[in-house]
Amino acid sequence: MIGSHQFKFSIFLPLMLAVLLPQSVRGEEAFPDYARDIAPLLAKNCIACHNAKKSEGGLNLESHTALAAGGDSGAAIVPHKSSESTLLERVIDSDDPMPPTDNAVGAKALTPAEVELLKRWVDAGALTSNAPPPTVMNWQAIPEQLIPIYALDASRDGHYLAIGKGNTAQIVSLTEAQSTEPLIDPNLKIADGAPLLASHLDFVQSMAFSPDSQLLATGGYRTVKLWRRRTTSQQLLSGGSPGNVLSKFAPSGERWATVTNESGLELVDLTTGQAHRFLKSHSATISALTWLSDQHLLSADTTGQLLLTSADDHQTTYLKLVPAPATLVQFALSGERVFALDVVGKVFELQSESGESLLHAATTTEKIVTAQFVPLSEAATAIHTASQPQACLWVALKNQSVVSLAVEDLPKQTQSLRELKLDAPASRIEVSPDGQTLLTISPTGEAKLWKLGSGEMLAALDQDFSGSNLFHTRQHDAHRQSGLVELLVAQQPELQKASAAEQEALKKVQELRDQATAALATTDTELTTAQSAITDSEQALAAAQQRVTELTAEVEAKRKAAQEAEAKREAARTELAGREQTLVTAADGVRRAAQRIVALENQTAQERQRLASLESEVKALEASAHAPPALDGTFSADSQLAILAGNDHIVRLYQTANALPRANLAGASAQPWSLMGTMGNELRAVTADGRVLSWNLQLPWALDQTLGTPEDSPFSDRITALDFSPDGRLLAVGSGPPSRFGEVQLIDAASGAIAMNLGEVHSDTVLCLSFSPDGRQLASGGADKLCRLWQVDDGSALRTFEGHTHHVLGLAWHDNGQRLVTAGADQTVKVWKVESGEQQRTLSGFGHEVTAVEFVTETAQLISVAANGTAKLMNCDDGKTIRDYAGASDALYAVSISADGKLVTVGGQAGQVWTWNIETGELQKSSQAEQ
C-alpha cells in the first residue's frame, strides 16, 4: 500500500536531492547553533507533524520559542540536561520513537550523528541564535534510473504532447514523425559547477500548455518556467532595396539578387553581408529573374534583352534572344535547362546557339540564345519545374487547368503526362519536392493544395492559424454559453411550478386559519351561554333556598359544562395560533419562491448579455479566421509544410497532408515575398522594406521566463499544479509544504508578475488546479482531502466540496462547466454539481489511489488512471466502466487526451508513456520517453 504522501510526493524522498546538511554534522563547527544546525534538522524530520496547524501532542517545533514552550506532556527540552529532556527520550526510544516508523510523510529517524548533535545543543543550554538558517542548496544530479512521469499535457492545436520525465520536460511533435525535443535550461548547474542538461533541478511536477499552444509552463522546486515556441524571425540582412520588386535566392540560399530602380541589379552575399550593385544593368524594366547556379544570375527586361551576371567576378554578358518573344515574365529551371513564360502566355525553352545550356554562354563568347517554342493548347499563366517523380515542366493554362510535360520530350513533344482541372485560374504554381502535392495561387491570392496522385483538391489554404484558433475557441465558448442560458431558461418553469404550489399551499393554510377563527368564535358563544346559565342558577339558588339540594347539583353540572367550554376555547385559541404561524411560514415560502424566480431571471438576463457579447466577438473574429490573399508560396524541403506569404506581415505554415494551419511566423515589419523553403529546416524571405529574414521551420521551443529560484521564490515549495486560464492571461500556480499549508497564486502570463495571491487556501499541499471552461472560476484540490472553488475576478471563496477521505489528487471540469469530478487517494472519483456543491455520485472499484482524471472532450465520459497502473474509461452519468486500457505497468500519475478526443496518453513511475485509441482501446504506442 502506498503511503499517504509517497506516490504524489515521492519527490520529497532524499534521492534527488538538494544536499543541505548542518555544518556541525559535516565537522565544520565545534558548537551546534539552533538556526544553523538544529532548525534544519527539525524541519527535515519533525515539523511535518509538529507545526502551528498540526501540533501532534500539542508540540510545535517550528521555532525556538515554540520548542521551549513544550507540549501536552510538559517541557520537551530541559536546558543543560539532555538526559531529562523528553524530546531526546522520544528520539532514541526504540519502542515508541519519534518520528514513528510508520509515519505517512516520509520522515526518517535521526541518525546517530544527528542525535548526538541535538544532545550537545541541549547540554550546551539549548540557546537560540540570531544566525539565519542556511539557504544554499547543493543540488546533485538525479540518478538515471529515477525518471518518473508526473505530468503530461496535449496542446490545444493538436501538434504537441508535453511530457515531464524526471527533471526534464520534453515536447513530442504529433505531426512531424513523432520527433522529440527536450527543453534544456542552459543556466542549470549542479553543486560541482557542471552543467545540468535538464529543465529543472528537481523533478518536473506539473505542466500546462497555454490555450494558443505557443507557451508551455513547467513546475519544479519553487520554480515555474515558461517555454515559448519560436516563430519569430532572425534578420540576416537589412538595408536592401525597398518596394515590391523582383528578388531571388540562389540555390544554396547564400546569395540573394534583387532589382533596384526597375532596371538595376543588386547581388548580396548573405554570409558576409557584402553587396554589389549594378546601377544600370538593363536599359529597360527588368521583368524576370532567376539563378542558373550559385554563381550565375539570368535576368530579362521588357525589351527582350537577356543578361547573364557572374556573382563571383561581377562580370556581365548580354545575350541576344532569337527569335525575340514578348516580354518574359517567368523562368523555370530543370537541371541546366531553362524554360521561360512570356507576357502573352507562350512558353519557350532557352538554349545557347549551339544547343547547350545558357551556362555555356558564361564561359564562351557565344551570345546568341534561341527561344524554342513549346506548343500548348491554351495560353499559359504560370510555369514550374519539378524533379519528382520525374523531370517535368508544369504549366498552368488559361482554361483553368494544369498540365505536366516530360522535360526529356520538350520542346517538340508536348503530350501531357497529367492534367488537373482547377476551379480558378492560377498565376503561381509550385510542386512539392516529393512530387506529391501542387500549390496554386490565383490572381486574387487564393491558395489551394491539390493531390497530384488523384488530381483532387485537398483544401483551400484560407485559414489563419491564430485567427482560426481564436475564432473556433470563442465559437465554442458561445455554444457553451448558449447551453447555460438554455439550462437557466429550462429551470424557470420548475420555479414557476414551485411558486404556484407555494401559493396553493398558502391558500389552504388560510382556509384552515379561517376555520380555526370560526371555531374559536363558536366556543366563545358556548362559554357565554354557560356563564349566563350559572348566573341564572345562582339567582335561583338565592331565591329558593328550599331547593338547595336540586339547584346545587344543577350548578355543579353547569360549572362542569363551563369548564369544558373554557377548555374548548383554549384549544381553539391554540389551533388558531398554530394556523397563524403556518400562514406566516407559507407566506414566507411564497416570497422566497418569487425571489428565486427574480434571481433566476436576473441571472438569465446577465448570461444572455454575456452570450450576446460572445456572439458579437465571434462575428468580429470570423474575418480574422481567414488568411489574407497570398503573394507567394513554396514548400519546405521535406514537403511536409506548405508556406504562404500574405499581403500582411505574416508568413503562414500549413500541413501539406491535411492543409490545416500549422503556425504563423512573425517578425516581418513589411510584406514578405520571394520565399525559399528548400534549405533544410530554414525558411528565408525578402520583405518589402528590404530585409532578408530567416525562420527555423522546426519551430523550436526555448526558455522564455523563469519565475523564482530554489533560494529566492514567491512559491513556498514544489510547484505541484499549473493551469492556464482559457483566455491565456493568467497562470494558476499551486504549491505548499506537505502537512503545513497549500497556496494558490495567479500569475500574469505575459509579465510573470503575481496578479493575485489567494494565499494559504488549503491546510496541506495543493495537488491539482483547473480553471472552469469559461474562466470565471478556479477549482483547487489538496492533500487536506478538500476541493475548493474560487471566484477568479476577486479571489473570493465560493464553496467547498467535502467527501473524500484522503488526498484530492486530480480534478476535471465537464465542458459545460456545470459538473466537476475529483479523483482521490481514497480510491474513488466523485462527481459534483458545481452550482450547489451537491455530490451527484461516487465512482469506485479502482483498487488503488486514483491519481488523475480527465473528461473526453464534451462527452460525459472520463478517463482515470490509478497508482496500480490501471487506466479506465467511465461514464460519469451512471458510473459504469466502459473500457479498461490494458498494457501499462507500475503506478500511473498523469493522463492527457488529444485535442481531437481520439487518443489518450498516460505516464507514471516507470518513465514510460502509453497511448491508446479511446474508442477501440487499441494500444497505439508504448515507448520510453527520451532521457
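Residues numbered from 1 in each chain as written. Predicted model: local features only at pLDDT ≥ 70, side-chain atom pairs only at ≥ 80, totals over all residues. Heavy atoms only, no water.

Notes on the overall build of the protein chain
To keep it simple, the criterion reads: Numbering of helices and strands runs from the N terminus, with a helix taken as a DSSP run of H or I at least four residues long and a strand as a DSSP run of E at least two residues long. Remark: exposure states derive from per-residue accessible area (1.4 Å probe, protein chains only) relative to the maximum for the residue type, with buried under 20%, exposed over 50%, and partly exposed in between. Here, two residues are considered to be in contact whenever any of their heavy atoms come within 4.5 Å of each other. Note that accessible areas follow from Shrake-Rupley with a 1.4 Å probe, and for residues the cover is restricted to the protein chains shown.
Tallying secondary structure elements over the protein chain gives seven helices and 58 strands in all. For the protein chain, buried positions account for 51% of its 931 residues. A separation threshold of at least 6 residues defines the contact pool for the protein chain, and within that pool the share at least 24 residues apart is 51%. A total of about 40,900 Å² of accessible surface is found on the protein chain, and carbon and sulfur atoms cover 49% of it.

Things to note about the pairing of strand S29 (residues 447–451)
Look at any regular strand and the pattern is simple: side chains alternate between the two faces of the sheet. We apply this condition: DSSP bridges decide pairing: two strands pair if at least two such bridges lie between them.
Among the five residues of S29, four are classified as buried, and the element is accordingly described as predominantly covered. In terms of strand pairing, strand S28 (residues 437–441) meets S29 through five bridges, oriented antiparallel. Its bridge partner lying in S29, Thr-437 is registered against Lys-451. If you look at the hairpin formed by S28 and S29, you'll find five residues sitting between the two strands, and Gly-445 has a positive phi there, around 90°. As defined by bridge partners, S29 adjoins strand S30 (residues 457–460) across three bridges and the pair is classed as antiparallel. Note that in S30 the partner of Lys-448 across the bridge is Ala-460.

Some thoughts on the pattern of salt bridges
Rules: Here, a salt bridge means any side-chain nitrogen of Lys or Arg that lies within 4 Å of a carboxyl oxygen of Asp or Glu.
Per the counting criterion, the structure on display carries 24 salt bridges. One salt bridge in this structure joins Asp-704 and Arg-230, with 3.9 Å as the shortest N-O distance. One end of the pair, Asp-704, is in strand S38 (residues 701–707); the other, Arg-230, is in the loop between strand S9 (224–229) and strand S10 (234–237), with 474 residues separating them in the sequence. According to the relative accessible area criterion, Asp-704 is partly exposed, its value standing at 32%. On the basis of relative accessibility, which here comes to 30%, the residue Arg-230 falls in the partly exposed class.

Things to note about the sheet that holds strand S26 (residues 418–421)
Worth spelling out the cut-off: Note on method: axes are straight lines fitted to C-alpha atoms, helices fitted across the in-contact stretch only, with angles between N-to-C directions ranging 0 to 180 degrees.
Read from one edge of the open sheet, four strands run S23-S24-S25-S26, paired in antiparallel fashion. The two strands at the open ends of the sheet, each matched to only one other strand, are strand S23 (380–386) and S26. Within this sheet the neighbouring strands show an average axis-to-axis angle of 20°, counted without direction. Pairing of strand S25 (residues 401–406) with S26, which is carried by four bridges, proceeds in the antiparallel orientation.

Notes on a nonpolar patch on the surface
Condition: Patch membership is restricted to residues that have no salt bridge and whose relative accessible area is over 30%. Joining uses 9 Å for like charges and 5 Å for the nonpolar side chains Val, Leu, Ile, Met, Phe, Trp and Tyr.
There is a patch of nonpolar side chains on the surface, built from Val-329, Val-343 and Val-344 and spanning about 240 Å² of accessible area. Looking at where Val-343 falls in the secondary structure, it is placed in the loop between strand S20 (337–342) and strand S21 (347–352).

Observations concerning the nonpolar core
To keep it simple, the criterion reads: Residue types Ala, Val, Leu, Ile, Met, Phe, Trp, Tyr and Cys, when buried and joined through side-chain atoms within 4.5 Å, form a set referred to as a nonpolar core.
Of all hydrophobic cores here, the largest spans 27 residues; its most connected members are Ile-171, Leu-216, Leu-653, Leu-665, Leu-683 and Trp-701. If you list the elements that add at least two residues to this core, you get strand S4 (160–165), strand S5 (168–173), strand S7 (206–209), strand S32 (641–646), strand S33 (651–655), strand S34 (661–665), strand S36 (682–687) and strand S37 (692–696). In terms of residue count, S32 provides more of this core than any other element does, three residues in total. Among the nonpolar cores identified, the runner-up in size contains 22 residues, and Ile-38, Ile-77, Leu-87 and Val-122 belong to it.

A word on empty space enclosed by the protein
Counted only if it meets this: Here a cavity denotes grid points, spaced 1 Å and computed from the protein atoms alone, that fit a 1.4 Å probe unable to get out, and a pocket denotes an open set having protein on both sides within 12 Å along at least 5 of 7 lines; residues with an atom within 4 Å of a point are the lining. Grid points are joined across faces, edges and corners, and a volume is the space filled by probe spheres set on the points. Throughout, the ten residues Ala, Val, Leu, Ile, Met, Phe, Trp, Tyr, Cys and Pro are labelled nonpolar, Asp, Glu, Lys and Arg are labelled charged, and all others, Gly among them, are labelled polar.
Considering all chains together, one arrives at three cavities of 30 Å³ or more under this definition. Lining of the largest cavity is provided by Leu-422, Asp-423, Ala-424, Pro-425, Ala-426, Thr-440, Ile-441, Ser-442, Glu-446, Lys-448 and Trp-450. Contributing elements (two or more residues each) for the lining of the largest cavity: S28 and S29. Looking at the lining of the largest cavity residue by residue, the classes come out as six nonpolar, two polar and three charged.

A look at the packing of helix H1 (residues 34–45) against helix H4 (residues 112–123)
Note the threshold: Any angle that falls under 35 degrees is termed roughly parallel, while one over 145 is termed roughly antiparallel, one within 65 to 115 roughly perpendicular, and all others oblique. Helix crossings get a hand from a simple test, with the near helix turned counterclockwise from the far one by less than a right angle marking a left-handed crossing and a clockwise turn marking a right-handed one.
As a packed pair, H1 and H4 sit with axes 11 Å apart at the nearest point and diverge in direction by 130°. By the angle class used here, H1 and H4 are oblique. In this structure, H1 crosses over H4, and the sense of that crossing is left-handed. For the pair formed by H1 and H4, the contact residues are Tyr-34, Asp-37, Ile-38, Leu-41, Lys-44 and Asn-45 on the first element and Glu-114, Leu-117, Leu-118 and Trp-121 on the second. Class assignment of the residues belonging to the contact of H1 with H4 gives a composition of six nonpolar, one polar and three charged.

Some thoughts on the packing of aromatic side chains
This is how the line gets drawn: Stacked, tilted and edge-to-face are the three classes applied to pairs of Phe, Tyr and Trp rings, where Trp contributes its six-membered ring and a pair requires centres within 6.5 Å; stacked means planes under 30 degrees apart, edge-to-face means over 60, and tilted covers the rest. A ring is considered to have a charge above it if a Lys NZ or an Arg CZ atom is located within 6 Å of its centre and within 35 degrees of its normal.
Enumeration over the complete set of coordinates arrives at eight aromatic pairs. Seen from their ring centres, Phe-209 and Trp-701 are 5.8 Å apart, and the 65° between their planes marks the pair as edge-to-face. One end of the pair, Phe-209, is in strand S7; the other, Trp-701, is in strand S38, with 492 residues separating them in the sequence. Across the pair, Trp-701 and Phe-209 agree in class, each one buried. Three or more aromatic residues joined by ring pairs make a cluster, and in this case those are Tyr-150, Phe-203 and Tyr-893. Positioned over the ring face of Phe-373 is Lys-346, at 6.0 Å from the centre of the ring.

Focus on the sheet that holds strand S11 (residues 247–249)
In spatial order, the strands read S11-S12-S13-S14; together these four strands make up an open sheet with antiparallel pairing. The open sheet has two edge strands, S11 and strand S14 (275–278), and neither has a second partner. Averaged over all pairs of adjacent strands, the angle between their axes in this sheet comes to 15°, without regard to strand direction.

A closer look at H4
Basically, it comes down to this: Helix span, expected: 1.5 Å multiplied by one less than the number of residues in the helix.
Over its twelve residues, H4 extends 16 Å from the first C-alpha to the last, a length consistent with the 16 Å expected when each residue adds 1.5 Å. On its buried face, H4 is in contact with H1, helix H2 (64–69) and helix H3 (86–92). Phi turns positive one or two residues past the end of H4, at Gly-125, with a value near 115°.

Side note on the pairing of strand S19 (residues 328–334)
Burial of S19 is extensive: five of the seven residues sit out of reach of the surface. Examined bridge by bridge, S19 and S20 share six bridges and lie antiparallel to one another. Residue pairing for S20: Phe-331 is matched across the bridge by Ala-340. Two successive antiparallel strands, S19 and S20, enclose a turn made up of two residues, where Gly-335 displays a positive phi of approximately 65°.

Some thoughts on the side chain of Gln-777
Inspection of the secondary structure puts Gln-777 in strand S44 (residues 777–782). In this structure Gln-777 comes out as buried when scored by relative accessible area, which is 19%. Every residue in contact with Gln-777, bar those within four places of it in the chain, is listed here: Ser-770, Phe-771, Ser-772, Leu-789, Trp-790, Gln-791, Val-792, Leu-798, Trp-813 and Val-834.

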